[in-house]
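Summary of the model geometry
Chain residues, written in single-letter form:
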Amino acid sequence: MESSSSSSSSTFQIDARLPKEISWGTIEFLQWEGFWYAKPHLAAVMAARSHFKARDEDVILASSMKTGSTWLKAIIPCIINSKTSAAGDGNGDNIDEEEDYDPFVEHHPNDLMPALETQIFRQDPNADLSGMPSPRLLRTHMPYSILPESIKDSACKIVYITRDPKDVFVSLWHFLNTRISCPLHEAFESFCNGVHPFGPFHDHVLGYWKESLKRPEKILFLKYEELKSDPTGQVRKLASFLGRPLVQVDEVDKLVWKCSFERLKNLEINRTGVDPHLGFTYKSYFRVGLVGDWKNHLSAEMRKHLDKITQTKLEGSGLEL
């Protein structure tokens, strides 16, 4: 994580009385309104909540960390800019200006969907996004309860993705350990206690899940495992939700290939580049992309412990992970 916050974030003063934890090695976390944030991000979350004004045409990708969102950062822009979607305008102004232009050769998926709290409002707590053309494609790790009211009240679309928390933890541990050094068992204890970026994980998931049941036209709730097992079907489902149904079979197949984990992982920019906002190497966003990788890292006792937490947290919600 970042060693210090940007000077502009000082516009939002953080209450010194907020609960604090030093965890995942040396990361300082602060708890605000029920969730934990790395200190450099909290002021930006507050700024985004106060200043962001959503449009009805916006598409917001929301997730807890390490749930498969990088894949969707590639898929969503391709759907929106598809020339053959039934509702497409055909001009592809945002990305795909030429038939064969491939944005991923020059851009990590992060570039195609800027982050509200770890990028835009961290750089400028008073950021003015009114000049961005619609539809604006944005992403966030903010819990549903913390989202700007304009996102909740507008007709903008929210796409949420989650996955098995055991895989989330393992992926998060590998990802953060590219910048820090934290033993697996210590990180596991913190994760189970809900102390991790934008945690607790289960509370984060439940916030979006419950709202998606109330407003399915507003929030599409996806699972990484289903996207892996049926990418074509899930891409079609996503495209229809976004009002850009894909009508040509070969276009769906091409999009799935273009955005595939294997292809993106092996592109030069993702093998050598570095995220200018967070400092993580681009290759750290493409580790293995497997379902069930937790089996290679967690003991039977750890599995049972986290499964018990998941069962208790999700009981009665109708959600299974």
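These numbers were taken from a predicted model, which means no experiment stands behind them. (Residues numbered from 1 in each chain as written. Predicted model: local features only at pLDDT ≥ 70, side-chain atom pairs only at ≥ 80, totals over all residues. Heavy atoms only, no water.)

This next bit is on the overall build of the chain. Secondary structure assignment for the chain yields 14 helices and seven strands. Relative to its length of 321 residues, the chain is compact, with a C-alpha radius of gyration of 19 Å against a globular reference of 20 Å. Taking the principal axes of its C-alpha atoms as reference, the chain extends roughly 50 × 45 × 45 Å. When the 321 residues of the chain are sorted by exposure, 58% land in the buried category. Taking contacts inside the chain between residues at least 6 apart in sequence as the whole, the part at least 24 apart equals 74%. (Helix = DSSP H or I, 4+ residues; strand = E, 2+ residues; numbered from the N terminus. Rg over C-alpha atoms; globule rule 2.2 N^0.38 Å. Buried < 20%, exposed > 50% of the residue type's maximum accessible area, 1.4 Å probe, protein only. Contact = heavy atoms within 4.5 Å.)

In this section: the nonpolar core. Residues Trp-24, Leu-72, Ile-75, Ile-76, Leu-116 and Phe-169 are the most contacted members of the largest nonpolar core, which totals 105 residues. Per-element tally for this core: the top contributor is helix H2 (residues 69-80), with eight residues. (Core = buried A, V, L, I, M, F, W, Y, C linked by side-chain atoms within 4.5 Å.)

Next up on the list: the sheet that holds strand E6 (residues 157-162). Taken in spatial order, the four strands make up an open sheet running E5-E4-E6-E7, and their pairing is parallel. Each having just a single partner strand, strand E5 (137-140) and strand E7 (219-223) make up the two edges of the open sheet. The sheet shows a mean angle of 20° between the axes of neighbouring strands, direction not considered. Note that strand E4 (residues 59-63) and E6 share five bridges and pair parallel. Across the sheet, the residue bridging to Val-59 is Lys-157, located in E6. (Pairing = 2+ DSSP bridges. Axes fitted to C-alpha atoms, helices over the stretch in contact; angles between N-to-C directions.)

A separate point is the environment of Phe-175. Relative to the helices and strands, Phe-175 resides in helix H6 (residues 165-176). For Phe-175 and Arg-236, which are 61 residues apart along the polypeptide, the C-alpha to C-alpha distance reads 30 Å. In this structure, Phe-175 is in contact with Met-65, Lys-66, Phe-280, Ser-284 and Tyr-285, ignoring residues within four places of it in sequence.

Further remarks concern the pattern of salt bridges. According to the stated counting rule, one finds 13 salt bridges in the structure shown. When the shortest N-O distance is used, the salt bridge between Glu-33 and Arg-49 registers 3.0 Å. Here Glu-33, found in the loop between strand E2 (27-32) and strand E3 (35-38), pairs with Arg-49, found in helix H1 (residues 39-51); they are 16 residues apart in sequence, far enough to count as distant. You can call Glu-33 partly exposed: its relative accessible area is 45%. On the basis of relative accessibility, which here comes to 26%, the residue Arg-49 falls in the partly exposed class. (Salt bridge = Lys/Arg side-chain N within 4 Å of Asp/Glu carboxyl O.)

All right, on to the pairing of strand E1 (residues 20-23) then. Bridge count for E1 against E2 is four bridges, and the pairing is antiparallel. Directly across from Glu-21, in E2, lies its bridge partner Phe-29. The hairpin turn running from E1 into E2, its antiparallel successor, is three residues long, and Trp-24 in that turn takes a positive phi close to 50°.

This next bit is on the packing of helix H10 (residues 231-241) against helix H11 (residues 249-258). Two numbers describe how H10 lies on H11: the axes approach to 10 Å, and their chain directions differ by 105°. Classified by the angle their axes make, H10 and H11 are roughly perpendicular. Where H10 abuts H11, its residues Pro-231, Thr-232, Val-235 and Arg-236 lie against Val-249, Val-252, Asp-253, Leu-255 and Val-256. Within the contact of H10 with H11, the residues separate by chemical class into six nonpolar, one polar and two charged. (Parallel < 35°, antiparallel > 145°, perpendicular 65-115°, else oblique. Nonpolar A, V, L, I, M, F, W, Y, C, P; charged D, E, K, R; others polar.)

Let's shift gears to the confidence of the model for the chain. Summary statistics for the chain give a mean pLDDT of 89 and a share of 91% for residues scoring 70 or more. Every residue in residues 1-10 is under pLDDT 50, and counting partners more than four places away or in other chains gives 24 contacts. Contacts of residues 88-98 to residues separated by more than four positions or lying in other chains number 22 contacts, the stretch itself having pLDDT below 50. (pLDDT = per-residue confidence, 0-100.)

A few words on the side chain of His-202. With respect to the element layout, His-202 can be found in helix H8 (residues 201-214). Looking at His-202, its side chain comes within polar contact range of the side chain of Thr-310, at 2.8 Å. Among residues more than four places away in sequence, those in contact with His-202 are Pro-165, Leu-306, Ile-309, Thr-310 and Lys-313. (Polar contact = N/O pair within 3.5 Å; in protein donor to acceptor, adjacent residues only side chain to side chain.)

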